[in-house]
Amino acid sequence: MVKAKPRPEAVRGVDIVSQALATAPALDGGGTLLLLDADGVVVDTWTLGGDVLEDLRAQGVAPGLCLAEHHAGTSAAGALVTRRLTIVQGPDHDLEALRGVTTVGAPVVEPSANRLFGALVVATGAAASDASGSWLGELVSGVEHDLLRRARRSEHVLMERFLQERSDSRHAVVALSAQIIITNAAAARMVGVEEQSRLWEHARQVVADNRGGPTTLEVGQGRSLSVECEPVTDGDETVGVVMRWRRATHPVAVDVQGPAPLLEGLAGRGARWRAMSARLASAGQVPTLLVGERGTGKTAVARSLAGELRLMEIDVADLDSVGEQVWCHQIWTSARWAEVVLVRHLEQLTPETAARVMTMLGELSSGVRVVATMRSGVVADASANAILDVFSMVVTVPPLRERIEDIPDLVRALTAKCISDDPSLSSTQWMTDALQTLTRLDWPGNVSSLESLVRRVLGQVRTGYVTARDLPAAVATNASRRKLSALDRLEAQAILQAIHDANGNKLAAAESLGIARSTLYRKLRAFGIDLSSSTF
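About the cut-offs
Along each chain, residues carry numbers from 1 onward, in the same order as the chain's sequence is written. Note on the predicted model: pLDDT of at least 70 is required for a residue's local features to be given, and 80 or more for side-chain atom pairs to be given and counted; whole-chain, interface and lining totals, by contrast, use all residues. Working from all heavy atoms in the structure, the side-chain values ignore hydrogens and water. Strands are runs of DSSP state E lasting at least two residues, helices are runs of H or I lasting at least four, and both sets are numbered from the N terminus onward. Burial classes: relative accessible area under 20% of the type maximum marks a residue as buried, over 50% as exposed, and values in between as partly exposed (1.4 Å probe, protein chains only). Angles run from 0 to 180 degrees between N-to-C directions of axes, and those axes are lines fitted to C-alpha atoms, restricted for helices to the stretch in contact. Each angle receives one of four descriptions, namely roughly parallel if under 35 degrees, roughly antiparallel if over 145, roughly perpendicular if within 65 to 115, and oblique otherwise. Left-handed is the label given to a crossing in which the near helix is rotated counterclockwise from the far helix by less than a right angle, and right-handed is the label when the rotation is clockwise. By definition, residues are in contact when any of their heavy atoms lie within 4.5 Å. Any residue that is not Ala, Val, Leu, Ile, Met, Phe, Trp, Tyr, Cys, Pro, Asp, Glu, Lys or Arg is counted as polar, Gly included; the first ten are nonpolar and the last four charged. Strands qualify as paired when DSSP identifies two bridges or more between them. Side-chain atoms within 4.5 Å link the members of a nonpolar core, which is a set of buried Ala, Val, Leu, Ile, Met, Phe, Trp, Tyr and Cys residues. Criterion for a salt bridge: a side-chain nitrogen of Lys or Arg within 4 Å of a carboxyl oxygen of Asp or Glu.

K.L.:
Please explain the environment of Ala-474 as it appears in this structure.
P.N.:
Structurally, Ala-474 can be placed in helix H18 (residues 473-478). For Ala-474, a relative accessible area of 26% corresponds to the partly exposed category.

K.L.:
Would you take a moment to explain the packing of helix H15 (residues 407-421) against helix H17 (residues 446-458) for this structure?
P.N.:
For any two helices packed against each other, the geometry is given by the interaxial angle and the distance between the axes. In contact at an axis separation of 9 Å, H15 and H17 are set at 60 degrees when each is read in the N-to-C sense. Taken together, the axes of H15 and H17 are oblique relative to one another. Seen from above, H15 lies across H17 with right-handed handedness. Of H17, the residues touching H15 (which contributes Leu-410, Val-411, Leu-414, Thr-415, Lys-417, Cys-418, Ile-419 and Asp-421) are Val-447, Leu-450, Glu-451, Val-454, Arg-455 and Leu-458. Across the contact of H15 with H17, the residue classes tally to 9 nonpolar, 1 polar and 4 charged.

K.L.:
Sorry, what's going on with the sheet that holds strand E3 (residues 86-88) here?
P.N.:
Sheet strands pair by backbone hydrogen bonding; their relative direction is either parallel or antiparallel. Reading across the sheet, the 5 strands line up as E2-E1-E5-E4-E3 and stay open at both edges, with antiparallel pairing between neighbours. Every other strand in the sheet has two partners, leaving strand E2 (42-47) and E3 as the edge strands with one partner each. Neighbour to neighbour, the strand axes of the sheet diverge by 20 degrees on average, direction disregarded. Alignment of E3 against strand E4 (residues 102-110), held across 3 bridges, turns out to be antiparallel. Its bridge partner being in E4, Thr-86 is matched across the sheet by Gly-105. Across the face of the sheet, helix H2 (residues 14-23) comes into contact with strand E1 (32-37), E2 and strand E5 (115-124) while running at roughly 20 degrees to E2.

K.L.:
Quick question: what am I supposed to make of the nonpolar core here?
P.N.:
Across soluble globular proteins, nonpolar side chains show a tendency to be buried alongside one another. Core analysis: the biggest nonpolar cluster contains 25 residues, and Trp-430, Leu-438, Trp-443, Leu-450, Leu-453 and Leu-471 have the highest contact counts within it. Residue assignment for this core shows that the elements contributing at least two residues are H15, helix H16 (432-438) and H17. Here this core takes 6 residues from H17, the largest share from any one element. Among residues more than four places away in sequence, those in contact with Leu-471 are Trp-430, Ala-434, Thr-437, Leu-438, Leu-453, Val-457 and Val-466.

K.L.:
What am I meant to see in the pattern of salt bridges here?
P.N.:
Two side chains bearing opposite charge may form a pair once their charged atoms approach each other closely. As enumerated under the stated definition, the model contains 22 salt bridges in all. Where Arg-153 meets Asp-234, a salt bridge forms, and the shortest distance between an N and an O atom there is 2.7 Å. Remark: Asp-234 occurs in strand E9 (residues 224-234) and Arg-153 occurs in helix H6 (residues 130-168); sequence separation between them is 81 residues. Since its relative accessible area comes to 19%, Asp-234 is described here as buried.

K.L.:
Teacher, can you tell me more about the pairing of strand E13 (residues 340-344) here?
P.N.:
Consecutive side chains along a regular strand alternate between the two faces of the sheet. Most of E13 sits out of view: 4 of its 5 residues are buried. Where strand E12 (residues 311-315) meets E13, 5 bridges bridge the pair, whose relative direction is parallel. Bridging from a neighbouring strand, Asp-315 pairs with Arg-344 of E13. Summarising the sheet, E13 and strand E14 (residues 369-375) pair through 4 bridges and their orientation is parallel. Across the sheet, residue Leu-342 finds its bridge partner in E14, namely Val-371.

K.L.:
What should I look at first to understand unusual backbone geometry in this one?
P.N.:
Trans peptide bonds make up the majority, and among non-glycine residues the majority have a negative phi. Unlike most non-glycine residues, Arg-83 shows phi in positive territory, near 60 degrees. Note on placement: Arg-83 falls in the loop between helix H5 (79-82) and E3. Classification of Arg-83 by relative accessible area gives partly exposed; the value is 45%. Backbone geometry at His-345 places phi at a positive 60 degrees, although glycine is not the residue there. Of note, His-345 is situated in the loop between E13 and helix H13 (351-364). You can call His-345 partly exposed: its relative accessible area is 24%.

So this is what it looks like as structure tokens:
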């Protein structure tokens, strides 16, 4: 038998069930009531009369036992999956300890969030009757009503704490829970919906790790905020978090004095992006080499540097098709009218060609500004030496994983770009949980991959809002709480895609994959993927 620790929210629900039982009528024939959390773990048990409870305890059915399908097989705990009343007769149970009883289970849903809270299961020594199902249904209704009442109380407690904080502070104050977000005017002016994702993720981690004290965060829009989180409790229950935002006294430093100028037309205001922008601003008209990984936006940065000046672009990738003589001639002729010459993909130069081309670019730089791009880590040493001799300014364009705080800005800009390119795409707002998921990725393809994802999502969403559930299966897989092997990643993507194609119906998804529903749940849990996770 598998033992596990019940979810804290279900443990806090024990008193709710106890109060509902106190006013419920007696169940004919007696039996045992079990409260399961959303994972199928037994939270607590109550006797309804008779010896069933003692018999079950003797068989090991007690708090901590996991009755979920992927551990215990068939039982009335299947109500957690089917979301409806489930009855299993004694011999049909896979778990030996339950074969002497009949179990009747019903799901319990938190009305305020429409989220599965757990299940109530009745174990009786006789065949289940319609009366036991009706009795359980009435009990579940009472529990759900009390959950709703307490949720409203939690909201009231959170609001009271927010009002108290607001009255004591002229700074930005935010109170949030899994269901609601409350902000004062100062907080609303500081960040928009897109920038909130970084703060919500920080609040979640602070509560999970039980950390305290202020932390300086880069949240986009060129802001460094000092953020302090404090849990809001109602008795022993954590009902939310109060966040205090202040402009950081010591913002994240860049390598220049004063505010760093940003590149015209490009999204990004984080520390790494501002540091790069500052270096480029100090370069003046000297030959400049932009180095970085594939997809970081090196060409876009070069075009932004040119601004309104006449720009000529030359791609080394064209050298083999037109020949070295013609290709070099194009560069020389461009100098007659261009004010900026952009040479792309210098990493593709062979060592033999690099020296000749670099000599030509060195001579050309006396009349026009030369800007070039090169992928980092892919060029031969001889070529690198020749290239670096020409460029007095070498600037690295940072990968997206090192400027995660810029993702909200980038998503907004890329959304506008995609809509401009394809007017059939509708204007869409990215919600905080979707942006929060995107910040958990490593982005090996950098901004190019982000643009592809934005375009794909915009082509599929029809509601005007993008939530975490609208993201492709691969995103949920890669944002899982544990790193997956290549094989596990492929399997997880296949499962998530099947769930997406089945509109969230996990039974249909399992059938389409040819696996049992219990196997699907077991694999998702093994992969560390929680489809019910919330922003906070």
